[in-house]
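# Report on the structure
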Amino acid sequence: MPTLILANKPFGFLCQFSPSGGRRTLADLVPVPGVYPAGRLDADSEGLVVLTDDGPLQARIADPRHKLEKGYWVQVEGTPGAAALEGLRRGIDLGDFVTRPALVDEMAEPPGLWPRDPPIRVRRAIPTAWLDLRILEGRNRQVRRMTARAGLPTLRLVRYRIGPWTLEGLAPGQWREVPARL
């Protein structure tokens, strides 16, 4: 039976196991040999990472052809207007590719969300807002690039869901093994 682990990656951790110049990595969180992330989160992002020791399962989770929805809570700078939200819903031209349409809704700050360490920068004269953004892709820094192109730079990015798996019950730095069923 394959191993499948859900981990809540804190801000600042690298989504890899190999050492990297003294930076904290998944090896500092998950002391399970032989598992690898199915997809990545950049160091500035937080939240759900799925790890497995099964190569085909890892590919199935990460590959956009399998249409596993990834859900993000995104704190953005500015107030989302109808045009910005509609652009995200239609798909955004990022120059090197056009994103698939996203599902996006404005939301209140997610209930029970932990404080980020370090906190985001706050500017009194510029409002912030939260978005619930769901995509079927997951390319390098895609969500940050999408919101920036829509005129809403990302301040905080938390992945809360990948397919059927969520962050529920996992504080930053915590992990748990779950049945490897998709």
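Refer to the structure presented above.
What comes next concerns the included structure. (Residues numbered from 1 in each chain as written. Predicted model: local features only at pLDDT ≥ 70, side-chain atom pairs only at ≥ 80, totals over all residues. Heavy atoms only, no water.)

A separate point is the overall build of the protein. Scanning the protein for helices and strands turns up 3 helices and 9 strands. When the helices and strands of the protein are listed from N to C terminus, the series reads β-β-β-α-β-α-β-β-α-β-β-β. Taken over the C-alpha trace, the protein has a radius of gyration of 16 Å; the compact-globule value for 182 residues is 16 Å, and the two agree within 12%. Dimensions of the protein along its principal axes, counting C-alpha atoms only, are 50 × 35 × 30 Å. In the protein, which comprises 182 residues, the proportion classed as buried is 49%. Considering only contacts in the protein between residues 6 or more positions apart, those separated by 24 or more positions represent 73%. Carbon and sulfur atoms form 52% of the exposed surface of the protein, whose accessible area is close to 9200 Å². A distance of 3 Å separates the average location of the 26 positive side-chain charges in the protein from that of its 20 negative side-chain charges. (Helix = DSSP H or I, 4+ residues; strand = E, 2+ residues; numbered from the N terminus. Rg over C-alpha atoms; globule rule 2.2 N^0.38 Å. Buried < 20%, exposed > 50% of the residue type's maximum accessible area, 1.4 Å probe, protein only. Contact = heavy atoms within 4.5 Å. Areas by Shrake-Rupley, 256 points an atom, 1.4 Å probe, with all protein chains shown as cover. Lys, Arg positive; Asp, Glu negative; His and termini not counted. Charge placed at Lys NZ, Arg CZ, Asp CG, Glu CD.)

Residues Q142, V143, R144, M146 and T147 constitute the buried set of helix α3 (residues 142-149). Contacts made by the buried residues of α3 are with β4 (70-77), α2 (82-90), β6 (128-135) and β7 (154-162). Residue G151 follows α3 closely and has a positive phi angle near 85°.

Take the pattern of salt bridges next. Taken as a whole, this structure holds 10 salt bridges when the rule is applied. Linking D63 and R65 is a salt bridge whose minimum nitrogen-to-oxygen distance equals 2.6 Å. For R65, a relative accessible area of 64% translates into the label exposed. The residue R123 makes a salt bridge to E77 at a minimum N-O spacing of 3.9 Å. (Salt bridge = Lys/Arg side-chain N within 4 Å of Asp/Glu carboxyl O.)

So, about the pairing of strand β1 (residues 4-9). Most of β1 sits out of view: 6 of its 6 residues are buried. Both faces of β1 are covered, namely the face carrying L4, L6 and N8 and the face carrying I5, A7 and K9. Relative to strand β3 (residues 46-52), β1 runs antiparallel, the two sharing 6 bridges. Paired with K9 across the two strands is G47, which belongs to β3. (Pairing = 2+ DSSP bridges.)

To continue, consider the layout of surface pockets. In this approach the atoms are scanned with a rolling probe the size of a water molecule, which exposes any empty space left behind. Size it by volume and the largest pocket reaches roughly 290 Å³. Contributing to the lining of the largest pocket are 17 residues, with R40, L41, G138, R139 and R141 lying nearest its centre. Those elements that place two or more of their residues in the lining of the largest pocket are β4, α3 and β7. Counted by class, the lining of the largest pocket contains 5 nonpolar, 5 polar and 7 charged residues. (1 Å grid on protein atoms, 1.4 Å probe; cavity = no way out; pocket = protein on both sides within 12 Å on 5 of 7 lines; lining within 4 Å. Points joined across faces, edges and corners; volume = space filled by probe spheres on them. Nonpolar A, V, L, I, M, F, W, Y, C, P; charged D, E, K, R; others polar.)

Residue placement: R65 occurs in the loop between α1 (55-62) and β4. Separated by 17 residues in the primary sequence, R65 and L48 place their C-alpha atoms 20 Å from one another. Side chain to side chain, R65 and D63 meet in a polar contact 2.6 Å long. (Polar contact = N/O pair within 3.5 Å; in protein donor to acceptor, adjacent residues only side chain to side chain.)

Grouped together as the largest cluster of nonpolar side chains are 31 residues, with contacts concentrated most on L51 and V74. Elements that contribute at least two residues to this core include exactly β1, β3, β4, α2, β6 and α3. Among the elements that line this core, the one with the most residues is β6, at 4 residues. (Core = buried A, V, L, I, M, F, W, Y, C linked by side-chain atoms within 4.5 Å.)

Walk down a regular strand and you will see the side chains alternate between the two sheet faces. Counting buried residues along β6, 7 of its 8 residues qualify, which places the element largely inside the surrounding structure. In terms of strand pairing, β4 meets β6 through 8 bridges, oriented antiparallel. Among the inter-strand pairings, V76 is bridged to a residue of β6, identified as A129.

Remember that the coordinates give geometry; whether it matters functionally is a separate question.
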